[in-house]
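# Breakdown of the fold
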Amino acid sequence: MTTTFITGANKSLGYETARRLIEAGHTVLVGARDPERGQAAADALGARFVQIDVTDDASVAAAVADVGAHEGGIDVLINNAGVNQPHVSAYQITAAHASAVYDVNVIGLVRVTQAFLPLLRKAASPVIVNVSSGMGSFAATHDAERVESKPVAPLYTSSKAAVTMLTTQYAKAWPDVKVNAVDPGYTATDFNGRSGPQTVTEGTDAIVELATIGPDGPTGAFRDRHGTVAW
């Protein structure tokens with residue numbers, strides 16, 4: 001049975017991904033920072049909760065130890081935890097704002113990925129899925145006909161561009177691990193006040209697809225529910 005660990009899995013895309021993978025037969029570990037919300041989500045899903053704060057070395061190490069003691073290893077890691085940037089103008093952005101966004105979206109992803117790598121390498125065909133965004137695509141944000149070209153969000157967009165590049169670099173560095181990135185698309189979530197036209201199920205299509213690939217699946221790819229994303 002495939003064991004999958006998902007960060008930020010207590011709501012929105014993470015929760016729906018967990019639900020769909022459980023339905024597909026995965027053993028899902030619900031990773032979340034808040035113990036109360038994380039446990040409630042895990043109970044509703046029929047999954048196991050593992051507390052994890054992706055910005056904290058000790059918390060991530062404790063999560064790895066927890067999973068190592070209970071499951072022994074994992075087959076799939078989904079780096080879903082992320083934050084939006086503060087709603088301030090580009091003139092008002094501070095280094096503290098940047099640090100807060102990057103600590104979750106970029107450094108947190110590196111922290112979790114590196115920490116869980118030994119558990120992943122116990123799998124016959126280990127898989128990592130990084131939840132990026134079309135907002136981090138140069139192609140999409142420069143196409144006037146696409147919704148991604150409208151917002152001005154320097155910290156969020158640049159952090160997601162970093163996620164996609166990290167994905168391609170990890171894929172090159174680790175030929176024994178399938179590492180791919182996903183653009184969920186403009187989905188109705190807490191991030192956008194539920195204004196997106198896609199449902200959370202549609203927003204998780206590519207995540208689920210790349211979380212269920214076999215040993216002959218892609219690596220270093222950036223996909224949405226329609227296929228390859230230009231970036």
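Quick notes on the rules
Residues numbered from 1 in each chain as written. Predicted model: local features only at pLDDT ≥ 70, side-chain atom pairs only at ≥ 80, totals over all residues. Heavy atoms only, no water. Pairing = 2+ DSSP bridges. Helix = DSSP H or I, 4+ residues; strand = E, 2+ residues; numbered from the N terminus. Contact = heavy atoms within 4.5 Å. Axes fitted to C-alpha atoms, helices over the stretch in contact; angles between N-to-C directions. Core = buried A, V, L, I, M, F, W, Y, C linked by side-chain atoms within 4.5 Å. Buried < 20%, exposed > 50% of the residue type's maximum accessible area, 1.4 Å probe, protein only. Salt bridge = Lys/Arg side-chain N within 4 Å of Asp/Glu carboxyl O. Polar contact = N/O pair within 3.5 Å; in protein donor to acceptor, adjacent residues only side chain to side chain. Parallel < 35°, antiparallel > 145°, perpendicular 65-115°, else oblique. Left-handed = near helix turned anticlockwise from the far one by under 90°. Nonpolar A, V, L, I, M, F, W, Y, C, P; charged D, E, K, R; others polar. Arc of directions from axis to C-beta.

## What about the sheet that holds strand β1 (residues 3-6)?
Taken in spatial order, the eight strands of this open sheet run β3-β2-β1-β4-β5-β6-β7-β8, and their pairing is mixed. The open sheet has two edge strands with one neighbour each: β3 (48-51) and β8 (227-228). Those strands touched by helix α1 (residues 12-23) are β1, β2 (27-32) and β4 (76-79), and its axis lies near 175° from that of β1. Each of β2 and β3 is contacted by helix α2 (residues 35-45), which is oriented at about 160° to β3, the strand it contacts most.

## Considerations on the nonpolar core
Of all hydrophobic cores here, the largest spans 25 residues; its most connected members are F5, V67, I74, L77 and F116. Elements that contribute at least two residues to this core include exactly α3 (57-70), α4 (95-120) and α6 (154-173). Counting residues per element, this core draws most heavily on α4, which supplies seven residues. With 23 residues, the next largest nonpolar core counts F49, V76, I78 and A211 among its residues.

## Some words on the pattern of salt bridges
Within this structure, the stated rule accounts for twelve salt bridges. Note that R48 is salt-bridged to E71, the shortest N-O span being 2.8 Å. Of this pair, R48 sits in strand β3 while E71 sits in the loop between α3 and β4, and the two are 23 residues apart along the sequence. Look at R48 and you get partly exposed, because its relative accessible area is 22%. With a relative accessible area of 27%, E71 lands in the partly exposed category. For D205, the salt bridge identified is with R225, shortest N-O distance 3.1 Å. Here the residue D205 occupies a position in helix α8 (residues 205-211), and R225 occupies one in the loop between β7 (222-224) and β8, the gap between them amounting to 20 residues.

## Description of unusual backbone geometry
Even without a glycine there, the phi angle at S12 is positive, about 50°. Within the secondary structure, S12 is located in helix α1. Residue classification places S12 among the buried positions, given a relative accessible area of 19%.

## With respect to the environment of G108
Turning to its location among the elements, G108 is positioned in helix α4. Residues contacting G108, with those up to four places away along its chain left out, are V54, Y102 and D103.

## Focus on the environment of D183
Along the chain, the position of D183 falls in the loop between β6 (178-182) and α7 (200-203). Taking the C-alpha atoms as reference points, D183 and F222, separated by 39 residues in sequence, lie 7.2 Å from one another. Residues within four places of D183 in sequence aside, it is in contact with S132, S133, G134, E148, F222, R223, D224 and V229. For D183, the side chain forms a polar contact with the main-chain nitrogen of G134, separated by 2.9 Å.

## As for the packing of α4 against α6
Two numbers describe how α4 lies on α6: the axes approach to 9 Å, and their chain directions differ by 20°. Taken together, the axis directions place α4 and α6 in an arrangement best described as roughly parallel. For the element pair α4 and α6, the recorded crossing hand is right-handed. Contacts between α4 and α6 pair H97, A98, V101, Y102, N105, V106, L109, V110, T113 and Q114 from the former with L155, Y156, S158, S159, K160, A162, V163, L166 and Y170 from the latter. Tallied by class, residues from the contact of α4 with α6 come to twelve nonpolar, six polar and one charged.

## Topic: α2
Those residues of α2 not exposed but buried are G38, A41, A42 and L45. Within α2, the buried residues cover an arc of 100° as seen down the axis, which keeps them to one side. Turned more than 90 degrees off the buried face of α2, the exposed positions are E36, D43 and A44. Contacts from the buried residues of α2 go to α1, β2 and β3. Here α2 starts with a cap whose side-chain oxygen sits 3.1 Å from the backbone nitrogen of E36, and that cap is D34.

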